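# Report on the structure
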Amino acid sequence: MKTLETNRLLLNEWSLSDEDIDGLYGYAKDPEVGPAAGWKPHESREESKEIIVDLFIPHEVFAIREKESGRIVGSIGLEPDRRRENVKSMELGYSLDKDSWGKGYMTEAAKAVIDYAFMELDLVILAICTGPDNRRSQRVIEKCGFVYEGRQRKGYHIYDGSDRDNLLFSMTREEWEASR
């Protein structure tokens, strides 16, 4: 997995080190972090380790680390775009430690992954979706230049058993090139 670097961040692969497990658990247990994205707060270090093993490592999700301290502040990754068949498209997803909110970290990380997606993976289009109430994520999406496609009603079954609407956004290769 390639390491991406920004002014303040390193985006690289997760490991099963205590540092990485504790880093994920440290922010993923916060009840204000996961539920906004539709996933339940982690209940144990073991659950965080399972997420790293079962989700992050196999799907090449990046750990977001502060360059200066090395501290894990979030995760960001690309997954298959479930809404576009037979199109070279992926969907961007991310989460961020509450202590890092408002510092511009996620926008900085997202822009690096967007560049990676178009330059290295040669995507035609990149998608992202978020819940109608997740204003912080919507702000990152806006700052990165994604275009609003619409609202998908009951498009995401979340951890509490409810079905949530999704706000859908995308960025074409041409839009990305024009923004550079």
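See the structure shown above.
Quick summary incoming for the structure in this document.

Bringing the overall build of the chain into the picture now. Scanning the chain from N- to C-terminus turns up 6 helices and 8 strands. Across the chain, helices and strands are ordered from the amino to the carboxyl terminus as β-β-α-α-α-β-β-β-α-β-α-β-β-α. On C-alpha atoms alone, the chain measures out to a radius of gyration of 16 Å, which is about the 16 Å that the 2.2 N^0.38 rule sets for 180 residues. Seen through its principal axes, the chain has C-alpha atoms that stretch 40 × 40 × 30 Å. Across the chain, every contact between residues at least 6 apart in sequence was considered, and the portion connecting residues at least 24 apart equals 62%. Surface summary for the chain: the accessible area is close to 9,600 Å², and the carbon and sulfur share equals 47%.

This paragraph deals with the packing of helix H4 (residues 105-119) against helix H5 (residues 135-144). Interhelical geometry of H4 versus H5 gives an angle of 50° and a closest axis separation of 10 Å. One way to sum up the angle between H4 and H5 is to call them oblique. The interaxial crossing formed by H4 with H5 has right-handed handedness. Across the interface between the two elements, Met-106, Thr-107, Ala-110, Lys-111 and Ile-114 of H4 pack against Val-140, Lys-143 and Cys-144 of H5. A per-class count over the contact of H4 with H5 returns 5 nonpolar, 1 polar and 2 charged.

Okay, the pairing of strand S5 (residues 89-96) next. Counting buried positions over the 8 residues of S5 gives 6, a clear majority of the element. Where strand S4 (residues 72-80) meets S5, 7 bridges bridge the pair, whose relative direction is antiparallel. Looking across to S5, one finds that Ile-76 is bridged to Tyr-94. Of the pairings in the sheet, the one linking S5 to strand S6 (residues 125-130) comprises 3 bridges and is parallel in character.

This part covers the side chain of Gln-138. Along the chain, Gln-138 falls in helix H5. The residues touching Gln-138, leaving out its near neighbours within four places in the chain, are Thr-130, Gly-131, Pro-132, Asp-133 and Leu-167.

As a further point, take the pattern of salt bridges. Applying the stated criterion across every chain yields a total of 19 salt bridges. Glu-32 is the salt-bridge partner of Lys-98, the closest N and O atoms lying 2.5 Å from each other. One end of the pair, Lys-98, is in the loop between S5 and H4; the other, Glu-32, is in the loop between helix H1 (18-28) and helix H2 (34-37), with 66 residues separating them in the sequence. Accessibility expressed as a relative area gives 30% for Lys-98, which makes it partly exposed. In this structure, a network of salt bridges that share partners links the residues Asp-18, Asp-22 and Arg-45.

Calculation notes
- Residues numbered from 1 in each chain as written.
- Predicted model: local features only at pLDDT ≥ 70, side-chain atom pairs only at ≥ 80, totals over all residues.
- Heavy atoms only, no water.
- Helix = DSSP H or I, 4+ residues; strand = E, 2+ residues; numbered from the N terminus.
- Rg over C-alpha atoms; globule rule 2.2 N^0.38 Å.
- Contact = heavy atoms within 4.5 Å.
- Areas by Shrake-Rupley, 256 points an atom, 1.4 Å probe, with all protein chains shown as cover.
- Axes fitted to C-alpha atoms, helices over the stretch in contact; angles between N-to-C directions.
- Parallel < 35°, antiparallel > 145°, perpendicular 65-115°, else oblique.
- Left-handed = near helix turned anticlockwise from the far one by under 90°.
- Nonpolar A, V, L, I, M, F, W, Y, C, P; charged D, E, K, R; others polar.
- Buried < 20%, exposed > 50% of the residue type's maximum accessible area, 1.4 Å probe, protein only.
- Pairing = 2+ DSSP bridges.
- Salt bridge = Lys/Arg side-chain N within 4 Å of Asp/Glu carboxyl O.

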